[in-house]
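A look at the structure
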Amino acid sequence: MEFSAQQIASFLNGTVDGNPDVKVNRFSKIEEGQAGSLTFLANPKYESYIYHTQASIVLVNNDFVPSSAVAATLVRVPGAYAALATLMNLVEQAKPKKTGIAATACIAVSATLGEDCYIGQMASIGEQSVIGRGCRIYPHACIGDRVTVGEGTIIYPHVTVCDDTVIGRNCILQAGAVVGSDGFGFAPDGDTYRKIPQTGNVILEDDVEIGANTTVDRAVMGSTLIRLGVKLDNLIQIAHNVEIGKDTVIAAQTGIAGSTKVGEHCMFGGQVGLIGHIQVADHVHIGAQSGVARNITAAGAVMGSPVMPARDFFRSNILFGKLPELYRTLNRLEKEVEELRKNNHKQNCQNAETENARG
């Protein structure tokens, strides 16, 4: 499929700087752009590439002012990154969709399938489960008993959805994700541990995405809740009875311990760790590799382990690099103070002897 700059600008409510008739048929990174490709510039760090890219069209923010000539046609939009996402979704939706039910799929007699579903080879759907209209369940996915999957949801290969899980509409579960496995609950019993049955479930609300090999544990009682629009990256651990507020995004290798509640519109960097039974307010941004061991009660950016306001963390980090020099300076000053103390003591003794001699 080919689109002209003018067609793209009209679709995105943007404007064209350059040739409105130039056409593109693929996407590219700005530093790898070739004729016939569309790219974008959203991060100022990449601005130098726009003056050399061979891409035919570049999406830019409305306020972009080039410092020299740009050969490519520019399509100006309010937000270049969001506009790119819109275009890529348009192209994705235009691709042919898999349809039909594979002969090797294993579907319980009591399960219910909506219209226009795709069920891939060796996928299984358990007793009394309900799969909504237009869902796509790829090969080797395993859907347990009494599971509800909302319409338009995509479940990729080797995903495991355990019993009683509730999944909303238009969710995406990437390959290898596990939703509804037992939470980590064990009661000490003398010198050993007794397993606590995990009798709750997991609820994913609409438009949730679960990354590859991410795990979301079922609750001990009640539900582990992943609210509307949450996006979880790959390799994340969400423990039992956790609640994550709507439109929160969390990067890879983050771990959230049991019964912690995360607010709405939060952003967590990679490898963040949160202990259990704490609360994180709305609009909190946590920097990568941070450790959170207490409640965060106000919006803002934090970082470090334990976390502190991001500004304080960066100031502390600057000082940390200067610690060897500060340590050497401190030792030198201690020696100088000790020498002054000795000299002062010696001088006081001499003064005392002089006074005694006069007396």
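Residues numbered from 1 in each chain as written. Predicted model: local features only at pLDDT ≥ 70, side-chain atom pairs only at ≥ 80, totals over all residues. Heavy atoms only, no water.

**Quick word on the overall build of the chain**
Summing up its helical and strand segments, the chain has five helices and 40 strands in all. Over its C-alpha trace the chain gives a radius of gyration of 30 Å, far above what one expects of a compact globule, namely 21 Å for 359 residues. Projected onto its principal axes, the C-alpha coordinates of the chain cover approximately 115 × 75 × 30 Å. For the chain, contacts bridging at least 24 residues in sequence account for 16% of all contacts bridging at least 6. Surface summary for the chain: the accessible area is close to 20100 Å², and the carbon and sulfur share equals 54%. (Helix = DSSP H or I, 4+ residues; strand = E, 2+ residues; numbered from the N terminus. Rg over C-alpha atoms; globule rule 2.2 N^0.38 Å. Contact = heavy atoms within 4.5 Å. Areas by Shrake-Rupley, 256 points an atom, 1.4 Å probe, with all protein chains shown as cover.)

**Details of the sheet that holds strand β2 (residues 15–17)**
Taken in spatial order, the five strands make up an open sheet running β2-β7-β6-β5-β4, and their pairing is mixed. Each edge of the sheet is formed by a strand with only one pairing partner; in this case those strands are β2 and β4 (26–27). When strand β5 (residues 37–41) meets strand β6 (residues 57–61), the two strands line up parallel, connected through four bridges. Bridge pairing in β6 places T39 opposite V58. The sheet contacts of helix α3 (residues 80–94) involve β4, β5, β6 and β7 (73–77), and relative to β6 the element is tilted by about 135°. (Pairing = 2+ DSSP bridges. Axes fitted to C-alpha atoms, helices over the stretch in contact; angles between N-to-C directions.)

**A short note on the pairing of β6**
Counted residue by residue, β6 has four buried out of five residues, so it is predominantly covered. Bridge analysis of β6 against β7 gives five bridges, and the strand direction is parallel. Its bridge partner lying in β7, L59 is registered against V75. (Buried < 20%, exposed > 50% of the residue type's maximum accessible area, 1.4 Å probe, protein only.)

**Comments concerning the pairing of strand β22 (residues 186–189)**
As paired strands, β22 and strand β23 (residues 192–195) are joined by four bridges and run antiparallel to one another. Note that in β23 the partner of D189 across the bridge is T192. Where β22 folds back onto β23 in an antiparallel hairpin, the turn is made up of two residues, including G190, whose phi is positive at roughly 65°.

**A short note on the pattern of salt bridges**
One pass over the structure, following the stated rule, counts 15 salt bridges. The salt bridge involving R169 is made with D206; its shortest N-O contact spans 3.1 Å. In this pair, R169 is assigned in the loop between β19 (166–167) and β20 (172–173) and D206 in the loop between β24 (201–204) and β25 (209–210), connecting sequence segments 37 residues apart. Classification of R169 as partly exposed rests on a relative accessible area of 44%. (Salt bridge = Lys/Arg side-chain N within 4 Å of Asp/Glu carboxyl O.)

**Things to note about the packing of aromatic side chains**
Under the counting rule described, the total for this entry stands at six aromatic pairs. In textbook terms, an aromatic cluster arises when at least three aromatic residues are bridged by ring pairs, as seen for Y118, Y138 and Y156. (Phe/Tyr/Trp six-rings, centres within 6.5 Å; stacked < 30°, edge-to-face > 60°.)

**Digging into the packing of helix α1 (residues 5–12) against α3**
A pair of packed helices is captured by two measures, namely the crossing angle of their axes and the spacing between those axes. Closest axis-to-axis distance for the α1/α3 pair is 11 Å, and the angle between their directions is 105°. Here α1 lies roughly perpendicular to α3, going by the angle between them. Between α1 and α3, the residues in contact are I8, F11 and L12 and A83, T86, L87 and L90, respectively. Of the residues that constitute the contact of α1 with α3, the class distribution is six nonpolar, one polar and no charged. (Parallel < 35°, antiparallel > 145°, perpendicular 65-115°, else oblique. Nonpolar A, V, L, I, M, F, W, Y, C, P; charged D, E, K, R; others polar.)

**Examining the side chain of R218**
Here R218 shows up in the loop between β26 (215–217) and β27 (223–226). D182 provides the closest opposite charge to the buried, unpaired R218, separated from it by 4.0 Å. (Lys, Arg positive; Asp, Glu negative; His and termini not counted.)

**Concerning the side chain of T165**
On the secondary structure map, T165 appears in the loop between β18 (160–161) and β19. Of the residues examined, T165 reaches a relative accessible area of 0% and is grouped as buried. Here C162 takes part through its backbone oxygen, which lies 2.9 Å from a polar atom of the side chain of T165. The residues contacting T165, other than those within four sequence positions of it, are R146, V147, T148, V179, G180 and V202. (Polar contact = N/O pair within 3.5 Å; in protein donor to acceptor, adjacent residues only side chain to side chain.)

**Topic: the state of the cysteines**
On inspection of all chains with the given rule, the structure shows zero disulfides. Sulfur of C117: no disulfide; nearest cysteine sulfur belongs to C135 and is 5.0 Å away. Unpaired in terms of disulfides, C162 finds its nearest cysteine sulfur in C142, a separation of 7.5 Å. (Disulfide = S-S within 2.5 Å.)

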